[in-house]
Amino acid sequence: MILVIDVGNTNIVLGVYNGKRLVASWRMMTSKSQTADEVGIFIHSLFDYSEVDADEIEAIIISSVVPNIMYSLVHGLTKYFHIQPMIVGAGMKTGVNLLMDNPKEMGSDRIVKLVAAFEIYGGPAMVIDYSTATTFDVINEKGVFVTGITAPGVQICADALTNSTAQLPKVEIKRPKSIIVKNTIGSLQAGIVYGHIGETKYIIEQTKKELDIPNLKIIATGGLAKIMECKGPLFDVIDPLLTLKGLRILYEKNKKPKAEKK
């Protein structure tokens, strides 16, 4: 079994795969202040509340967009699991061709999602990730990265709105039944959610038009993807496990073959 770890700016998502089957998953806050012992012990303790034995973990793979946490995370995992983690980065076999001015600028999390989307759903496809930022990445039918768009995330926009205005309260991110509302909370929720739905529709339509790819598959992931779906479907697929699946695929592509017994 392998442990896959996606380190984001807000949360760390962990999963355990037995072959292609996800057998356990957890979510924890991203903290840059934890020591190697704290993070290693905590992750190891998660297995005490699952049906998976930590001793059965044979490999670990990590994708991270938070460099400051990596020293503690890697050393904690190495100490308590006795495994040197594989880190997603330059030089890995991905099956995706990043035709960019500077491929090193591409976040590892976005590469992982593109790998999963292309391997599982094929191209041409757009991966929309509703995370701390909202990202729109396109890959063609040959596995070549075409373009990527980055917009402020839904929660970032909501926080900016309420933090910058004295009389507006923080609200739960949810879609009202109608855009016609008559109270402050509903007004905020309608503006935040329907505003981002409109943003998504426009970016999808313009991308299809400018790239002349009318059959572009739209694959959504991230915690808020389901909230964005509406009566006229925006997405062909909503896959909340896309990153974890991509990490498993990348591990399989890059694992070292076992030495033959003499």
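Rules and cut-offs
- Residues numbered from 1 in each chain as written.
- Predicted model: local features only at pLDDT ≥ 70, side-chain atom pairs only at ≥ 80, totals over all residues.
- Heavy atoms only, no water.
- Helix = DSSP H or I, 4+ residues; strand = E, 2+ residues; numbered from the N terminus.
- Contact = heavy atoms within 4.5 Å.
- Pairing = 2+ DSSP bridges.
- Axes fitted to C-alpha atoms, helices over the stretch in contact; angles between N-to-C directions.
- Buried < 20%, exposed > 50% of the residue type's maximum accessible area, 1.4 Å probe, protein only.
- Parallel < 35°, antiparallel > 145°, perpendicular 65-115°, else oblique.
- Left-handed = near helix turned anticlockwise from the far one by under 90°.
- Phe/Tyr/Trp six-rings, centres within 6.5 Å; stacked < 30°, edge-to-face > 60°.
- Lys NZ or Arg CZ within 6 Å of the ring centre and 35° of its normal.

Undergrad: For the environment of Gly-246, give the residues involved together with the corresponding values.
TA: Examined against the element boundaries, Gly-246 turns out to sit in helix α7 (residues 242-254). Taking C-alpha positions, Gly-246 is 30 Å from Tyr-194, a pair spaced 52 residues apart along the chain. Leave out the neighbours within four places in its chain, and Gly-246 touches Val-112 and Ala-116.

Undergrad: Explain the sheet that holds strand β7 (residues 125-130) to me, using residue names and the numbers behind them.
TA: Sheet strands line up and pair through hydrogen bonds in the backbone, either parallel or antiparallel. Spatial ordering of the open sheet is given by β6-β9-β8-β7-β10-β11, a layout of 6 strands whose pairing is mixed. For this open sheet the edge positions go to β6 (97-98) and β11 (237-238), each flanked by a neighbour on one side alone. Pairing of β7 with strand β10 (residues 217-221), which is carried by 5 bridges, proceeds in the parallel orientation. Bridge pairing in β10 links Asp-129 to Thr-221. Across the sheet, helix α3 (residues 108-121) is in contact with β6, β7, β8 (133-139), β9 (144-152), β10 and β11; its angle to β8 comes to roughly 45°.

Undergrad: Describe the environment of Ile-120, naming the residues involved and giving the relevant values.
TA: Considering the arrangement of structural elements, one finds Ile-120 in helix α3. Judged by its relative accessible area of 38%, Ile-120 falls in the partly exposed class. It is 30 Å that separates the C-alpha atoms of Ile-120 and His-44, two residues lying 76 residues apart in sequence. Once residues within four sequence positions are removed from consideration, Ile-120 is found in contact with Lys-245 and Ile-249.

Undergrad: Before we move on, could you go through the packing of helix α1 (residues 36-46) against helix α2 (residues 70-81) and cite the residues and values that matter?
TA: As a packed pair, α1 and α2 sit with axes 7 Å apart at the nearest point and diverge in direction by 55°. In terms of axis orientation, α1 runs oblique to α2. For α1 against α2, the interelement crossing comes out right-handed. Every residue of α2 that contacts α1 at Ala-36, Asp-37, Val-39, Gly-40, Ile-41, Ile-43 and His-44 is listed here: Ser-72, Leu-73, His-75, Gly-76, Leu-77, Lys-79, Tyr-80 and Phe-81.

Undergrad: Go over the pairing of strand β1 (residues 2-7), please, and point to the residues and values.
TA: Where burial is concerned, most of β1 is hidden: 6 out of the 6 residues are buried. Going residue by residue along β1, you find Ile-2, Val-4 and Asp-6 tucked away on one face and Leu-3, Ile-5 and Val-7 tucked away on the opposite face as well. When β1 meets strand β2 (residues 11-18), the two strands line up antiparallel, connected through 6 bridges. Following the sheet pairing, Ile-2 is matched in β2 by Tyr-17. Where β1 and strand β4 (residues 59-64) come together, 6 bridges link them in parallel fashion. Across the sheet, Val-4 pairs through a bridge with Ile-61, a residue of β4.

Undergrad: Explain the sheet that holds β1 to me, and be specific about the residues and the numbers.
TA: Strand order in the open sheet formed by 5 strands is β3-β2-β1-β4-β5, with mixed pairing between adjacent strands. The open sheet has two free edges, formed respectively by β3 (21-29) and β5 (86-87), since each of these has just one partner strand. Note that β4 and β5 share 2 bridges and pair parallel. Bridge pairing in β5 links Ile-62 to Ile-87. Along the sheet, α2 contacts β1, β4 and β5; its crossing angle with β4, the most-contacted strand, is approximately 170°. Lying on the sheet, α7 is in contact with β1, β2, β3, β4 and β5; it crosses β1 at an angle near 125°.

Undergrad: Break down the packing of aromatic side chains for me, citing the residues and quoting the values.
TA: All chains considered together, the criterion is met by 3 aromatic pairs. A centroid spacing of 5.7 Å and a plane angle of 65° characterise the contact between Phe-47 and Phe-81, whose relative ring orientation is edge-to-face. Taken together, the residues span a long stretch of sequence, with Phe-47 in the loop between α1 and β4 and Phe-81 in helix α2 at a distance of 34 residues. Taking relative accessible area as the criterion, Phe-47 reaches 4% and is therefore assigned buried. Through pairs of rings, three or more aromatic residues link up here, namely Trp-26, Phe-47 and Phe-81. Positioned above the aromatic ring of Tyr-17, the side-chain terminus of Arg-248 is 5.8 Å from the ring centre.

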